[in-house]
Amino acid sequence: MNWHQTVFELIDMRSFSNLWFWIALAVFWSSASHWVLGVPWDMVLRAKRVGEQAEIDLQDIVRVNTNRILYIAQVSGLWLLALACFLLTGLAVMGFIYGLEFAQAVFLLMFPMSIVGFMSIFAARRIQIEEATGDLLRKRLGRHRFWTQCVGMISIFVTSLWGMYQNFQISPLG
């Protein structure tokens, strides 16, 4: 017996029956909804509550992050889009056509996050066009966070359904 077989016997490599996958999924979406355009949500709440310097700090970090997001989108956006489409298509084919469960799990993590990535680019562009500050900036960040959480809830729901289906298919009951 080689070390590959030993490792695969010791660790369950099926994604949807693995507790670590579900923990990673929860942490993934929790982090995505906490970091809105790269800004921690507690910083937005502190700016609303305290004002003054906290508001200036919020505007500065949002300006830096929106500039960074839009610069990356302008300079290498097409290449990143092509790479993302290639990877997502490869994962979808390997997962849902060839039945590789790990590829299904990664696809169900990455596809919704790519939607959030596009939403972030549009939110950053809107914030810059409007030159949002104060209440308008917090409103834009809050709206982006809300839609990120909606995408996350739908993603977790679909992933849970697909994971249960996969586990029933492999179980003695399926």
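Residues numbered from 1 in each chain as written. Predicted model: local features only at pLDDT ≥ 70, side-chain atom pairs only at ≥ 80, totals over all residues. Heavy atoms only, no water.

Participant: Kindly report on the layout of surface pockets, identifying the contributing residues and their values.
Facilitator: Looking at the largest pocket, its volume works out to about 1000 Å³. Around the largest pocket, the lining is made up of 32 residues, and of these Met-113, Ser-114, Gly-117, Phe-118 and Ile-121 lie nearest the centre. For the lining of the largest pocket, the secondary-structure elements that each account for two or more residues are helix H2 (19-34), helix H4 (52-97), helix H5 (101-130) and helix H6 (134-170). Ranked by the residues each element gives to the lining of the largest pocket, the list is headed by H4, at 15 residues. Here the lining of the largest pocket is built from residues that sort into 22 nonpolar, nine polar and one charged. (1 Å grid on protein atoms, 1.4 Å probe; cavity = no way out; pocket = protein on both sides within 12 Å on 5 of 7 lines; lining within 4 Å. Points joined across faces, edges and corners; volume = space filled by probe spheres on them. Helix = DSSP H or I, 4+ residues; strand = E, 2+ residues; numbered from the N terminus. Nonpolar A, V, L, I, M, F, W, Y, C, P; charged D, E, K, R; others polar.)

Participant: Would you mind going over the pattern of salt bridges in detail, with residue names and values included?
Facilitator: Per the counting criterion, the structure on display carries five salt bridges. Arg-138 is the salt-bridge partner of Asp-135, the closest N and O atoms lying 2.1 Å from each other. In this pair, Asp-135 and Arg-138 both sit in helix H6, three residues apart, roughly one turn of the helix. (Salt bridge = Lys/Arg side-chain N within 4 Å of Asp/Glu carboxyl O.)

Participant: Explain unusual backbone geometry to me, using residue names and the numbers behind them.
Facilitator: Backbone geometry at Glu-52 places phi at a positive 45°, although glycine is not the residue there. Note on placement: Glu-52 falls in helix H4. Here Glu-131, not a glycine, exhibits a phi torsion of approximately 50°, which is positive. In this fold, Glu-131 is placed in the loop between H5 and H6. Overall, the relative accessible area of 65% leaves Glu-131 in the exposed class. (Buried < 20%, exposed > 50% of the residue type's maximum accessible area, 1.4 Å probe, protein only.)

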